[in-house]
Structures are given as C-alpha cells and as structure tokens.
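# Structure at a glance
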Amino acid sequence: MILLKLISWPYFRKHVLRTLLTTAGIVIGVAVFVGMHTANQSVLFGFNHTVDRIAGKTQLQVTAGETGFNEEVLETVQSAPSVAVAVPVIEAVVDTGIKGRGSLLVLGTDMTGDRSLRDYDLEEGDEAVIDDPLVFLAQPDSIILTREFAEANGFGVNSTLALGTVLGPRQFTVRGIMKSSGLSTAFGGNLAIMDIYAAQRMFGRGRTFDRIDLSVRDGHSVAEAQQELQRLLGPGFQVDSPAGRGRQFEAMTAAYSMMINISSVLALVIGMFIIYNSFSIAVTQRRSEIGILRALGASRSQIRWLFLGESAVTGIIGSAFGLLAGLVIARAIAASIGTLMRDVYGVAQRADEIATDPRTLGLAMLIGVITSVVAAWIPARQAAAVDPVQALQKGKYQVLSAGESRLRAGVAAVLVLVALVCLVGSGSRIVFYVGFLLVIAAALLLGPLLALGLARLLRPLLRAIRPVEGSLAADSLIQAPRRTSGSVAAVMLSLGLVVAFAGMSGASYNSIIDWMDGALNPDLFVSPSQDVVIRTLRFPQEMGQEIAAIPGVSRVQPVRNARIVYRGTPVMIVATDIQSLSQTVQRKPVVGDAETMWRETAAGRGLTVSDNLAELQKIRLGDTIEIPAPHGTIRLPVVAVVVDYSDQQGTILMDRTLFQQYWHDDSVNLFRVYLQPGATVPDVKARILEHYAGERQVFVLTNRELKEYILRVTDQWFSLSSVQIAVAVLVAILGIVNTLTVSITDRRRELGVLKAVGGLHAQIRGTIWLEALTIGALGLILGLGFGAVNLYYILEIVHRDIAGMRLDYVFPVRVALALVPTMLGAAFIAALWPAESAVRGSLVEALEYE
Amino acid sequence: MIDIDHVSRQYEGKRQVTALDDVSLHIGKGEMVSIIGPSGSGKSTLLNLMGGLDRPSSGEVRIDGEALSGLSDDGLTRVRRDKIGFIFQFFNLLPTLSCLENVGLPLHLRGWGRGKVHERASELLNLVQLGHRTTHLPEELSGGERQRVAIARALSIYPPILLADEPTGNLDSRTGHEILRLIRDLHTRLGSTVVIVTHDMKVAESCERTIAIRDGHIVQDLRR
C-alpha cells in the first residue's frame, strides 16, 4: 500500500492524461456491458412488470400460444376441482391516436369474476358500474382508465375516448379511474379495462379468448392444479404461472441477448487491450524506477503487486465510472430496444424505467476489476522480471527480440493448425468454439509481428511521400513495436468485429431481400393494425370475399400467423391458402422439391418449415413433426425446407384448412391482395379504404411500403453494428492517443533535434500525423484481415446458435472501404493533440532530456 | 554577427531562478569564441539564446542584425536552419537514420531534392573523413565518429554561425582533440563564426576569444 502511495500516485499525477486514457479503456468496456445489459433487462422488466401487475392474484394462466381458444375451454377449466376462480382474458394493443402517448394496452375481462383476481382500486367512477358488473356488461362502451393516463390526457369519468378497433374508431365512455398503484402501473400506465365480450367484438376475436387466468382452490397446490389442467386440456395448451410468460419472452428474444452478450464481451476484451497497452508502456518507461526500487531491496513480488495494485485501483475507478456511463447509455437506448423488440417479435411492452439489477452492476464491477488485473498481469510479470543492473542502463527494451518473434510465430502457427483441425471436427459445438478462440489468440500473437513487417514495407512509401517525416514516422513504429502493438491489436480486434457484423448484416440483408422478392409479391397488404407485426387485432375471414369483390382485385390470400410453443420454444405458424400461394410466389425450397412442397402442404398432408427452424430444432426432410393444438395434435411429415424470415425462432407453413381444423379459428391477421391487370395500386387501395370507412379499422400497405417497413426493422436490428463502429472508432482514438503520447515522450529529444536543425511546426506535426496514420493503417489492414476470418466464424455462430440461418459469405467491401477514411480520420483526430504537444514542447528541455 | 543586448533569462517554477542577468555581448563575423563557467553559471542558456532555441525574459538577441524577439516559432526555426549549425555534447543523431540521412536531415527539411541532398551530405561526410560510413547507423559508430557526423550535419547548410555545446565533453581527450582540430579547420576554411561552450580550459584557450560567466553575469571577456 505504501508503495502505491509513494510510487504509483506520483506517477499517476505526473501522467494524468495517460492515466485517464488507461481508465477510459475499462470505462468503455464496463459502460457497454452495463448499458446493453441494463437496457435489455429494462425491456424484460417492463414486460414482466406488466405481466405481473395484470396477473394480480392469478396463480396459473392457460394459453395456447398466441392463438387463443374457444369459449368452451373456460367451462373445462372452471370445472376442474382444483380451480377456485377462472376468468377469461383478452389483451389487445390499440392506437389511441393521441400524439405522444403511443399505444394503449386494453385488457378485456369478465367483470363478474375478475375482481377476485384483480383489484381495480377505483378512486372515482359510477359506483353502480363498479359494484354491479352486469351494469358494466350492459354498457359495452364502458372503459376504465388509469389515473396517470386520464390525467395526462384530460379524461374524467363520463368523458369519451376514441380507440382504433377492427370495427374502425369507436367511442368509449370512461366509467371509472384506477388509483396509481398495482394494476394501474402495468404497461407504463397506458392501460384500459373493458368487458371481455366487448373486447371480443372490438378486436376481432369471434368466440375465442386469449387466455384464462385462474386461482387455485384452498387445499390444492399450484403444481396439482397445473397437472390436473394439463391433463384435462391436453398438450395443445400451456398451463403455467404468469412468470412463464416472461420466460417465453426471454426465449423469444434469445438471439438478441446473444448478440448483446457477444458485443459486450468484445467491448471488455478491447478495453483489456487498452489497459494491457498502457501498463506495458508504463513498465518500459518506468524501468529505471523499477531498477532503483530493486536496487534498494524491493522484491520481485513487491514490484509485481505494485503494478497489479495499480491495475486493481484503475479497474475499481474505471468500473465505477463505467457503471454510471452504462446507466446513462441504458437510459438512452432502452426505449429504442423496446421498439425494436416490438417490431421484431411483435410483443408489446414498455421500458419506461431503467431496471438496475444489483447483480448485473456487481458483476460488471467485478468483471471490470478482473479485466483490468488480468490485462496488467503480463506487464506486471515483466516488471517483476526486470534486472536491476540492466534497468539502470539505457536499452532497447521496446524491441521484440528475434527469439521472441520466433516464439510468437511458432506458437501462432501451432494455434492456427489446431484451429484448422477444430474446423474439420467442428461438428462438436465445443470444438468449434475452441477453434474460434484459438484463431483470436493466433491473431493477437501474430499482430505485433505483422504490424512490424507491414511498417517495414510501408517505410519506403512513407519516405517517398515525405523523406524526413515519413522515415521518422515509420522508424518510430519499427523501433518500438511494443509501444504500438497494443493499440494495433485493439484496433484490429474492434475492426474484426465491425467487419464480421457488417458482413453478417449484409448477408442477412441480401437474403431478406431475396426472400421478400420471392415471397412477398402481392400488390397490397390489408392489416387491422398499422403495426403489421402486432397480432392482437384480427379480421373475420368473410372480409376476404368482400375485398375480392372490390373492382381491380384479382386474388385475395388470407394469412393467419401466430406464435405457438413447439418443443418448448415459441415458433411462428403461418397458415394460408397454399394452393393459391403456389400460383403466385416463386419459392424454391433449399431442401426438397417445389412440386411436392406445394402439393403436399396444400393438401394438408405435409408441413413446410423454415431453414432456421430446421437447423435450430434439427429437423430433416421427411421427419414427422408433432404440433400440439387445442383440438388435437398435428402429426405430419416435413415436405420441404424454405428460406423464411417471418420469425427468428423459425416458421411452420401450413394450409389454412389445417389450422382451422386444429385451432377452430378462422380469423385473419393479414390479407394478401393481388390486382387485376390494368388496375392501379393507388386506386384499389383507395377503394378498399373507402369500402371499410367507418365500419372497420383497415390499414392498406403497398408492396413497397411493407418491404420498406421490413427493411427498416432490419436496419434497427443491425443498428448494433453502428454502435460497434462507434466503439471501434473510440477505441482507435484512445489507443492511438495513448501510443502517440508515449511515443512523443520517448522521442522528445529526437523531435527536439528535428526542431533545432530546422524542422518547422508543420514538419513536426507531419511526423506525428504520419505516425498516427500509419498506426491506423496497420490496424486497418490487420483488422480487415482478421475480420475476414472472424466473419466466417460469426456466420457459423449465426447458423448454429443464434438464428439457424445459413448466410452466404460475402466480404463487406463497401463497409471495408468506408472504414478506410473512418479509421484514418480517427487516427488523424487522435494525433491532433499529441502533435500540438510535440510542437509546443520546450526545445531546450527536449535537448537536455534524459 | 551575434548581438546580445541587456538580455536576462529567468525560469519560473516554485522558485524563480535567474540564469542570465542583464548580459550584453557582441560577437563579430568569423570570430571563434569560447564560453566558460562552472555548472549552472548560465553559459548553455546564453548559447541557447544565441541559437534561437530559447527566448530571453528581457533584452534582445540579434543575429546578423535581425532581432529574434519579434519572430514566431517558425520564424526562429527559419533563422536556425538558414544561419546556425548546432553541435551537441550528446551528438543528438537520430538513431534510426543512417549517417548520410542524418547529415542530409536539415537539407530535407529545407525542401531540397534527393539528389542534391545526397551530393551535399556525401561531400560533408568526406570532409569529416567519414565518406566510408555513409550507410552506417549511429550505433555502429564510435563516439568520435558520431560527433563528426553531428558536425557534418551542423555544416550541411554552410551556416555562417556554428554553435557547439560541450562538443568534446563526451569524448576521450584524444578524440576530443581531433574534433576540436576539425572545428578549427572548418572555421578557417569556411570562415564561420564559431561559439563553443566548454568546461575544458584547453578547448577554451584554443579559441581567439574567451568569455567567462558566473552566476548569470559575464565576469571576463578575454581576447588573445
């Protein structure tokens, strides 16, 4: 401790900027980790909070995926001896049309039984309505609002509110206002209650419910009730606690969580390199100080612990600031992630609050400190190994010895060989990931050697450009590879990540465009919600004939899509008129033949599955898959595998008749509309809207609008790449500033001589700028190379573990080209301040400097 | 050639230190002058001010009639590269550049073409008898050879003024004597004004004029 105070503290004070840059490495790593995880948790918390508040005293919920089920299921549930109270529920997210308020979650409940499960806690309203649910029932336009929503929008009891329903905008009368507690805090307070039968009508449910909430009779355990109900209802139903919905949500968003985990781990690794670089530099610069300490009797372990102590303190301070920065990041991005989740997964939730999980914060703090200590471990060992006699002499301690270079090259070659062997045997998940890690390790080992070789190659070029500045810039890198290698490695890693994610985004993008061009070719799409992914509003199937009768329409295909639980995972069912579909779309199966696919699927004798479902669930052509439904279990063979991006967890395509048979549900989520030759899109769209004006809520999207919507969501999904590019640029700037600051200190005399013999300010600046640009160029070249390999592994990870999609390997040339000016620009910006400090330094001191 | 007019130089810090106090001095064209004094007397400060490496706290320094006080940093640099050659005690050669590149450095900085730089640098290395060492790096040379490269570099622009700070201070006496003879020879052949800061009385006595400094004041100005 005393050494920290006597030795480290003065060093930190003398090198404030470098200390700040070192700490910034950990701040960035921890901030990205905390920011992304907290934002993700906040979305999950928002969802769970809504589920929990709405659940009230509910102990179990009966669902059939998202599809809902017929009313008679309620009688079956209520008849179970272990059930005390069972009430049906419908949930729908509707647009309020009120600017800035977003959507409203409408909960349709049976007021006659529901109050034993949920406490509405009304503060004002018509007592008759509340006390006698039959009065509420008799007035189907009744609605109850939360105080927050009512106050924010100026609603009181008996005021009217217009909501978008499948029947078009409908006026509802506010019959009661809930106090600000419990149930009313669900969905950020944007909650309304209405009668279940009114909800069925308003939201196109027919005679179905979304789920049943129930409490268990005294004397029975929840587990008993669960078993009993599962037995009574069959495998087509899920009987689970309200928390189970949170688990389903987590399972659904697993791909996103995986992406976040990969990004945050890499951010920490990059932070680790900044620390490693800083401590390596500190050790080389403080060799004489270490030598004096050793000469005065300090043991090797005391020197080692001195540096590890410094790194621990840096880790603690950096992590503390990282936590704060992470929470700020989380606050900034939580709403965007919430929107993204809704758009991608079609599940509405509101992340109004930042859910700070002490475990995440504690883990981040711990990881930050451990990362810092681990990063400083090798420099600390090097410091402890310093020979006191040599340390007091001037020497070329920043040069890589030929022996060390050979060792690095040898170890890297072995790692690459083992990684190649792992690729051959990559059937095993562990072997594959070990191979990936070995490739990263080999890249890190080879980085300094390659950087050195490249710097030597670049020297003649730089010398040709600027004889003095160019030579000195290249020589500075060649003479001190240790000083540069950490920064180059950090830039290489971050660019490797950027290239891999950009390549993955590009491949996904191309693949999605191909899919859209083949599968989404109707001229118009008619939806009950402006958000086509929100499936809580549905049309009756009769609308299909009505739309078909509109002049200019040649063909209408009804689509019913809903998530169901298949092998414990939420997957999407898309049920449509396959016969009609086969005549309008060009879909070539990736496994199986098109003719069999259309024939068997249309006849209800087979199922077509998406390639990602096949990969994730290990389904092969010809396998019989079982889909438990409310009215029996579908057991059919897989007749084809197609590329489909309807859902990240996978899609099952079936004929509509099959769906109606097993779900007894003929409602429709979307109509695909083809026009007759000569009919124009604007005309027919106007006719459809006119036909349903005031009668139904109908949104008509053109083919282009739908594709743009999908691409916009895709862009949002891949916006993570932009964050990574920003982190990469920041890392590059930090690393290069760090390296240049040290380089200028090391070369103070050299720069002084340059000035003394006639170097103008512009020429001194030019030397530093060229050095920075060279570091940027080295990082860029190595980063693009590493990225090319990294892309292969990331595509494999996507295929194996994230989305099951097999994406083509296409190197993201455009992104790589864009990175050239970006990284060189970042390097240049990083050099501005160090160059000025080199120019402004005292010439006399520089020449006297030892 | 060099005019020092009531020049003082203080260094600010926790305590103010006066390195030079109201010093006035004239060194004529073609003179060879030594400056002597104990450590901390202000002799190097005086040399730095003459060379435009440092600026006085008060007073004026003129080189060839041009006042340095009004010049910007780049203006000072232009004066140095056009009129002054420096020889340092620790040679201050750039370790990564060859002898030829080190000597050619000031010429490159003046924007000379490669061929011309090569020609002049080779000529100067021959002059200091290192024509056979053009491609060697400084670390491959002895101390005396390094100082001769530094002298060649200082002469690369044929400066009218040559400033040397302890040019023999880091050399053994025999090599030091050779270097001194080389400087005297060049002074005679090129007619440069030479100012040498030294601790060594033999070096000082070999010059036609010796200025002694103590505590920031000129205490003796001896012409031989």
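Thresholds applied
- Residues numbered from 1 in each chain as written.
- Chains lettered and ligands numbered in written order.
- Predicted model: local features only at pLDDT ≥ 70, side-chain atom pairs only at ≥ 80, totals over all residues.
- Helix = DSSP H or I, 4+ residues; strand = E, 2+ residues; numbered from the N terminus.
- Buried ≥ 20, exposed ≤ 12 C-beta atoms within 10 Å, placed from the backbone.
- Contact = placed C-beta atoms within 7 Å.
- Nonpolar A, V, L, I, M, F, W, Y, C, P; charged D, E, K, R; others polar.
- Axes fitted to C-alpha atoms, helices over the stretch in contact; angles between N-to-C directions.
- Parallel < 35°, antiparallel > 145°, perpendicular 65-115°, else oblique.
- Left-handed = near helix turned anticlockwise from the far one by under 90°.
- pLDDT = per-residue confidence, 0-100.
- Core = buried A, V, L, I, M, F, W, Y, C linked by C-beta atoms within 7 Å.

Looking only at helices and strands, one finds 31 helices and 21 strands in chain A. Burial analysis of chain A (850 residues in total) assigns 52% to the buried set. Once local pairs closer than 6 in sequence are excluded, the contacts in chain A between residues at least 24 apart make up 84%.

In this assembly, 22 residues from chain B lie in contact with 19 residues from chain A. If you list the elements that add at least two residues to the side of chain B that touches chain A, you get helix H2 (73–83) and helix H3 (99–109) of chain B. Of the residues that constitute the side of chain B that touches chain A, the class distribution is 8 nonpolar, 5 polar and 9 charged.

Residues and elements named next belong to chain A. Interaxial distance between helix H11 (residues 254–285) and helix H14 (residues 358–384) falls to 8 Å at its minimum, and their mutual angle equals 30 degrees. Judged by the angle between their axes, H11 and H14 are roughly parallel. Considering the relative orientation of H11 and H14, their crossing is right-handed. Contact with H11, carried on its side by Leu 268, Gly 271, Met 272, Ile 275, Tyr 276, Phe 279, Ser 280 and Val 283, involves Ile 367, Thr 371, Ser 372, Val 374, Ala 375, Ala 376, Ile 378, Pro 379, Gln 382 and Ala 383 of H14 and no other residues of that element. For the contact of H11 with H14, the residue count by class is 13 nonpolar, 5 polar and no charged.

A word on helix H1 (residues 43–50) of chain B. Residue and element names in this part refer to chain B. Of all 8 residues that make up H1, 8 are buried, and the element is covered over most of its length. Listed as buried for H1 are Lys 43, Ser 44, Thr 45, Leu 46, Leu 47, Asn 48, Leu 49 and Met 50. Following H1 by one or two positions, Gly 52 has its phi on the positive side, about 70 degrees.

Residue and element names in this part refer to chain A. As for its position among the elements, Trp 515 is in helix H19 (residues 481–519). The exposure class of Trp 515 is partly exposed, given the 18 C-beta atoms found within 10 Å. When the C-alpha positions of Trp 515 and Arg 587 are compared, they lie 8.2 Å apart, and in sequence the two are 72 residues distant. Apart from residues lying up to four places away in sequence, Trp 515 is in contact with Val 643, Asp 644 and Tyr 645.

On to the confidence of the model for chain B, then. Residues of chain B with pLDDT of at least 70 account for 100%, and the chain-wide mean is 86. Two numbers describe this predicted complex: its pTM, 0.70, and its ipTM, 0.76.

It is worth spelling out the nonpolar core at this point. Among the nonpolar cores identified, the biggest contains 279 residues, and Val 526 and Ala 772 of chain A are the most heavily contacted of them. Tyr 566, Ala 575, Met 597 and Val 642 of chain A belong to the second-largest nonpolar core, a separate cluster that totals 35 residues.

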